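Chain by chain, the residues run as shown.
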Amino acid sequence: MTMPLVSVKDLRIGAVTDAGRKVEIIKGVSFDIAPGEIVALIGESGSGKTTIALSLMGHTRTGCSIEGGTIRLDTSDITAMSEWARARVRGTEVSYVPQSAAAAFNPSKRIMDQVTEISAIHDLMPRAEAEKKAVDLFRALALPEAETIGQRYPHEVSGGQLQRLSAAMALVGDPKLVIFDEPTTALDVTTQIEVLRVFKSVMKQGGMAGVYVSHDLAVVAQIADRIIVLKGGEILEVGSADQILSAPRHAYTKQLIAAFEPVPHQPQGLPLQAAKPKVVLEVADLCAGYGPVRGGVPHAKILKDVSFKLERGRNLGVIGESGSGKSTLARAIAGILPAYSGSVMLDGIQLTPDLRNRSKEELRRAQIVFQLADTALNPAHSISTILARPLTFYDGLRGAAREARVIELLDMVKLPAALRHRLPGELSGGQKQRVNLARALAASPELILCDEITSALDTVVAAAILELLKELQRELGLSYMFISHDLSTVEAICDDVLVMYKGEVVEALPAARMSTEAEHPYSRLLVSSVPKLDTGWLAGLEQDPELVAQFANR
Amino acid sequence: MPQSLQPWFLVIQRLGIALLTLVIVSFAVFFATEMLPGDVAEILLGQAATPEAVAGLREAMGLNEPALSRFIGWLIGLARGDLGTSYVNNIEVVELISGRLVNSLKLAGVTTVVSVPIALSLGIGAAMWRGSVFDRIVSMLTISVISVPEFMVATLAVLIFAVWLGWLPALSYGVDVSSLSAILKAYAMPVITLSCVISAQMIRMTRAAVIETINTPYVEMALLKGASRKRMVLVHALPNALGPIANAVALSLSYLVGGAIIVETIFNYPGVAKLMVDAVSTRDLPLIQSCAMIFCVSYLSLITLADVIALLSNPRLRR
Amino acid sequence: MMAEDTDTTAALTTPPPRGPGWSFNWVGRIGLVVILFWALVALVGPWLAPYPPGQIVDYDFFTPMSANYWMGTDYLGRDIFSRILMGSRYTVGIALAAVTLACTLGVILGMVAAVAGGWFDMVLSRLLDAFNGIPSLLFGLVVVAAVGSSIPVLILTLTAIYMPGSYRFARALAVNVNTMDFVTVARARGESTPYLILREIFPNILGPVLADLGLRFVFIVLVLSGLSFLGLGVQPPNADWGALVRENIEGLSFGAPAVIFPSIAIASLTISVNMFIDNLPTKIRDRSE
């Protein structure tokens, strides 16, 4: 067996919490990486995957420090080095591709200066040579206008391009190891494919080893040779990509994979509420936008003539990529962003565009739940205050009756009653999202507008929230409008799907037939771009280049 | 609009806003001074004035016209460089102010040249070696200076340099200005005092601005490329902190024109701030209004300049 | 489901991480102690004074420290210790009144402007920005010289000087909070503007606002001392600390305690407030810089 390129032995990393307590966040991790091998670190948030990856460069974030163990990279012992010696290794031996290239590029410097900076810092080659090399890399990474793209500023290129440029930035010093820190997480699915594909081919050509940090098993399956599953700062399982996907051993890995399996949604048979109209929400020719209004039309038109109907007890999925206007649709329906034309009918009653002119009863019936529970819950209010307010506001509940109802609501979202005395900052992400949901339920609504409510959550936690939504629907006869960029999430909970592209609905069809029968070219591109839990998926994927050029935001 | 024109459009917009603010300010200055208690004509004529004489003087001075028309007349005069005539000694206000303004600008200029380079390098240095002994000493000194009244800084300087060491004269004006060393000596005390006061503010704000940009992902990225601490701060953080730093410098410098009142008093330095205080005690409205306008113009032009620098240093707006 | 369940129980067993995050380091504690000391002195000091502050107790002037006159006597032969105790009431009292008024007004207007937006916000912001252009000490001088100095005039003038800055600070914070989803949720619920301001926004800007209030208090103490030093602040025979320095400035050249102790009093108050604010727990301070 050849000598591994990287060998990590019993790595321990400690951190000091805000409260001044010392905790161990990496608890004795050991693994090797062979030359030319790509190893994936996979785990949920807090699993320590990024911390481990950064420690391979001898870097720990503020408050963290390497407490024990050794990291050997080729011939250098990273853990024993001085900060000065580590700086000599960074960029030349090991380099880094960040999660958000948009944030990792200095906004005030030209791209070329930043891509060739490693060469300038370590004095690797003359500037002209470095620039020539950068242009070659731009070509290899399939960037458009490879000759001139370096002269632009970061804000002048798209997100997908910036992510590929960040790879060029990492590769210019010919490192032996490249660390990819969730490099496609911030990208749209149609963009992600191209980036993944060029990363894979460049790594193969250069014969470099890689560490690929991700929370997404399907993405990792396409690029990694070996997968390390992490949880709570410990390694749970190590195996080849095929073995992990087909024959996982650890219960947690099985759970991760199970959360991926598409669960086809069963329409709910609801007790018929004869007194209420069949259609909960009817939207006709809705147009909304932002910016200064001139002649009744705002400067930036986002939504263009959106129409649909949502029947009681059914769920409507709205799917689209960033900039498709799906969140704007929810805001226009809720009246947060008043529509400038078109109509919204709730339970057969026409709503005014601006929520300030709607009655309390109208507002009560449709509740909106936002993506980020962190910002959706007031950090200064206790959970009980947060849940009690809609009860007082809509129903005038007070005292013991209100308290009882708060406990009941917490029980509905499967949270213990004692949690009501906590502040949101003391809850986990999943708990916060449940409280967020409970607040909407407090209004006893007919319709809940869910804006990407599972997107910021870990896979397993998100699956549990989806289960909860289904259960609540059975019990309370709710209808959901479910906005998401993730096809499998929409398939798991929705009866019908609207596909949105640049503010327009390009296709509407039953969710069950989405994958197989979508007709609009954009819908087909979207469906085919979702990574599958299959190591050969990316290699075997063929997309019509014209279609890609027309719709993908690369 | 073509992209290349956009920054200039923004610059012109800023200038427009500054001009508009100036008009609002002049309105406020004019009516605030009008509201000063005491009738000008009565004050000018003294205790023994007969009602007829007061009425006559009011008529002659145009005080009976509606306030708005007097305001517009005053504004037109300002635009033409006519600041009016002093009520007290019938001298053109321009003449009264010009000498004093030159004095103030000289003092401000020397102080700027001394303090800005020192303050910026100390602020950037403290941010670069954050938490080091150097940073702590700088922070402690700036806090002490900020916390202490200006007159204490000045008296301390007098005590040390003039009384104990005897190096410099305690007063700065009216001394011999024939040689360079004499001029240096004459300006030293006020400049030392003012430099201490404005540097402390600039150091604090510069340090904060640079530290804020150091905590960004792109500076961490530079670290992961193997950049030294110096390179991270000077090449990556500093260019992005230029806007806030320019703003801090502008705020501090604007203080030099009107805020130097204590220094002018202690060192008996004839600047505009003192002129204005004297004008208030004699109810010399045209003089007060002109001084107030000078302060506001200098503040607005410095702030606008900082705004434009911030604008042009940001490639997102530049291109 | 498993992971979520363990998640829930884990959160129940770990103690809330609240307590230690609020503790101060020793520099902050020293600052707090000095602040409390001066607050106490301002409150009860005049009853502790060994001599009536206005009475000439010694026929010699600028006497050094002695058992009878702990901090010596001033240029007229009055007891400096008693005058400093009395002066604390003027300095601390006036500054506290002014800073409370300025911050209350500024924060209320700032939050209303942030939530209301539109022309109200634009006009108010422009107006107060322009007002900021007038040098603060000079503005104080002009007002006081024009209408005469009295304690209410001093308080109102200082309020007028520092209100725009407080407005600007609170507005910037409130604009940030106003874009948060929890405010949007409350708005979508149909809540009134006063509710949004008081219940949703105010608790979240309170920490930085209090830190800002402390810094503004220091500036007000400094401007007030400056005014008094120029003879336009608290009028004789009463004297705040700035006026005490002015009265006894003649004693400076021979190091009379009469000029040194009032200076120390001012510096100790302002430096300790700064020390306290700079070392506030990050939780409170957050974006106060």
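As the structure is a computational prediction, the values presented were derived from the model and not from experiment.

What counts, and at which threshold
- Residues numbered from 1 in each chain as written.
- Chains lettered and ligands numbered in written order.
- Predicted model: local features only at pLDDT ≥ 70, side-chain atom pairs only at ≥ 80, totals over all residues.
- Heavy atoms only, no water.
- Helix = DSSP H or I, 4+ residues; strand = E, 2+ residues; numbered from the N terminus.
- Buried < 20%, exposed > 50% of the residue type's maximum accessible area, 1.4 Å probe, protein only.
- Contact = heavy atoms within 4.5 Å.
- UniProt positions renumbered as here; feature names shortened; annotations may be inferred.
- Pairing = 2+ DSSP bridges.
- Axes fitted to C-alpha atoms, helices over the stretch in contact; angles between N-to-C directions.
- 1 Å grid on protein atoms, 1.4 Å probe; cavity = no way out; pocket = protein on both sides within 12 Å on 5 of 7 lines; lining within 4 Å.
- Points joined across faces, edges and corners; volume = space filled by probe spheres on them.
- Nonpolar A, V, L, I, M, F, W, Y, C, P; charged D, E, K, R; others polar.
- Core = buried A, V, L, I, M, F, W, Y, C linked by side-chain atoms within 4.5 Å.
- Buried area = accessible area lost by both parts, 1.4 Å probe.
- Salt bridge = Lys/Arg side-chain N within 4 Å of Asp/Glu carboxyl O.
- Polar contact = N/O pair within 3.5 Å; in protein donor to acceptor, adjacent residues only side chain to side chain.
- Parallel < 35°, antiparallel > 145°, perpendicular 65-115°, else oblique.
- Left-handed = near helix turned anticlockwise from the far one by under 90°.

## Some details on the overall build of chain B
On a plain count of helices and strands, chain B comes out with 14 helices and zero strands. Taken from the N to the C terminus, the helices and strands of chain B come in the order α-α-α-α-α-α-α-α-α-α-α-α-α-α. Looking at chain B residue by residue over its 319 residues, the buried ones come to 48%. Excluding contacts between residues fewer than 6 apart, the proportion of contacts in chain B whose partners are at least 24 apart in sequence is 71%.

## Let's talk about the UniProt feature "transmembrane region" (unreviewed entry) in chain B
Residues and elements named next belong to chain B. The sites that carry the UniProt feature "transmembrane region" (unreviewed entry) are, in the present numbering, residues 12-32, 107-129, 141-167, 179-198, 241-267 and 287-312. For residues 12-32, helix accounts for 100% and strand for 0%, while the C-alpha atoms at its two ends are 30 Å apart. Helix makes up 81% of residues 141-167 and strand 0%, with an end-to-end C-alpha separation of 24 Å.

## So, the sheet that holds strand β13 (residues 315-319) of chain A
Residues and elements named next belong to chain A. Strand order in the open sheet made by the six strands is β16-β17-β18-β13-β19-β20, with mixed pairing throughout. Two strands bound the open sheet, and with one partner strand each, they are β16 (366-369) and β20 (504-510). On average, each strand axis in the sheet is inclined to that of its neighbour by 15°, with strand direction left out of account. Two strands pair when backbone bridges link them, and strand β17 (residues 447-451) and strand β18 (residues 479-484) are joined in this way by five bridges, in the parallel orientation. Among the inter-strand pairings, Ile-448 is bridged to a residue of β18, identified as Tyr-480. The strands that helix α12 (residues 326-334) touches are β13, β16, β17, β18 and β19 (496-501); relative to β18, the one it contacts most, it runs at about 145°.

## A look at empty space enclosed by the protein
By rolling a water-sized probe across the atoms, one finds the places where empty space is left. Under the criterion given, the structure shown has two cavities of 30 Å³ or more. Space inside the largest cavity adds up to approximately 110 Å³. Lining of the largest cavity is provided by Ala-334, Arg-358, Glu-362, Leu-363, Ala-366, Gln-367, Ile-368 and Tyr-394 of chain A together with Val-185, Ala-188 and Arg-189 of chain C. Sorting the residues of the lining of the largest cavity by element identifies α13 (360-365) and β16 of chain A together with α7 (181-189) of chain C as the ones contributing at least two each. In the lining of the largest cavity, the residues fall into seven nonpolar, one polar and three charged. Of the pockets and cavities examined, the second largest cavity occupies roughly 30 Å³. Ala-104, Asn-106, Gln-114, Glu-117 and Met-169 of chain A together with Tyr-218, Met-221, Ala-222, Lys-225 and His-236 of chain B together form the lining of the second largest cavity. Considering each element in turn, the lining of the second largest cavity owes the most residues, three residues, to helix α9 (residues 217-224) of chain B. Of the residues belonging to the lining of the second largest cavity, the class tally is five nonpolar, three polar and two charged.

## Observations regarding the nonpolar core
With 140 residues, the main nonpolar core has Ile-97, Val-210 and Ile-261 of chain B together with Trp-241 of chain C as its most contacted residues. Considering each element in turn, this core owes the most residues, 13 residues, to helix α3 (residues 80-116) of chain C. Residues within four places of Ile-261 of chain B in sequence aside, it is in contact with Ala-273, Lys-274 and Val-277 of chain B together with Leu-137, Leu-138, Leu-141 and Leu-230 of chain C. Formed by 90 residues, the second largest nonpolar core is a distinct cluster that contains Leu-54, Val-89, Leu-137 and Leu-141 of chain A.

## Focus on the sheet that holds strand β10 (residues 234-240) of chain A
Residues and elements named next belong to chain A. Ordered by their spatial adjacency, six strands build an open sheet running β6-β7-β8-β3-β9-β10, and the pairing between neighbours is mixed. At either end of the open sheet lies a strand with only one pairing partner, and these are β6 (94-97) and β10. Going from strand to strand, the sheet's axes swing by 20° on average, the running direction of each strand aside. When β6 meets strand β7 (residues 177-181), the two strands line up parallel, connected through four bridges. Paired with Tyr-96 across the strands is Ile-179, a residue of β7. Together, β6 and β7 form the strand contacts of helix α7 (residues 159-171), whose direction differs from that of β6 by roughly 170°.

## Let's talk about the side chain of Arg-78 of chain C
Residue and element names in this part refer to chain C. Summarising the element assignment, Arg-78 is placed in the loop between α2 (26-48) and α3. On the accessibility criterion, Arg-78 (5% relative accessible area) is buried. Ignoring sequence-local partners within four residues, the contact set of Arg-78 consists of Pro-53, Gly-54, Gln-55, Ile-56, Val-57, Gly-72, Thr-73, Arg-83, Pro-237 and Glu-247.

## Here's the deal with the interface of chain C and chain B
Taken together, the contact pairs 35 residues of chain C with 34 residues of chain B. Of the roughly 2900 Å² buried at the junction of chain C and chain B (both faces included), carbon and sulfur atoms supply 79%. Linking chain C with chain B are zero salt bridges, by the criterion used here. Connecting chain C to chain B are two residue pairs in polar contact (both at pLDDT 80 or more).

## Structural notes on unusual backbone geometry
With an omega dihedral of 5°, the bond running from Pro-236 of chain C to Pro-237 of chain C counts as a cis peptide bond. Its place among the elements puts Pro-237 of chain C in the loop between α8 (193-229) and α9 (241-247).

## Quick word on the packing of α2 of chain C against α3 of chain C
All names here are of chain C. Following both chains from N to C, one finds α2 and α3 inclined at 135°, their axes separated by 8 Å at the closest point. On the basis of their axis angle, the class for α2 and α3 is oblique. Here α2 runs over α3; the crossing is left-handed. Along its contact with α2, which presents Trp-38, Val-41, Ala-42, Leu-43, Gly-45, Pro-46, Trp-47 and Leu-48, the element α3 presents Ile-84, Leu-85, Met-86, Ser-88, Arg-89 and Val-92. Taken together, the residues that form the contact of α2 with α3 break down as eleven nonpolar, two polar and one charged.

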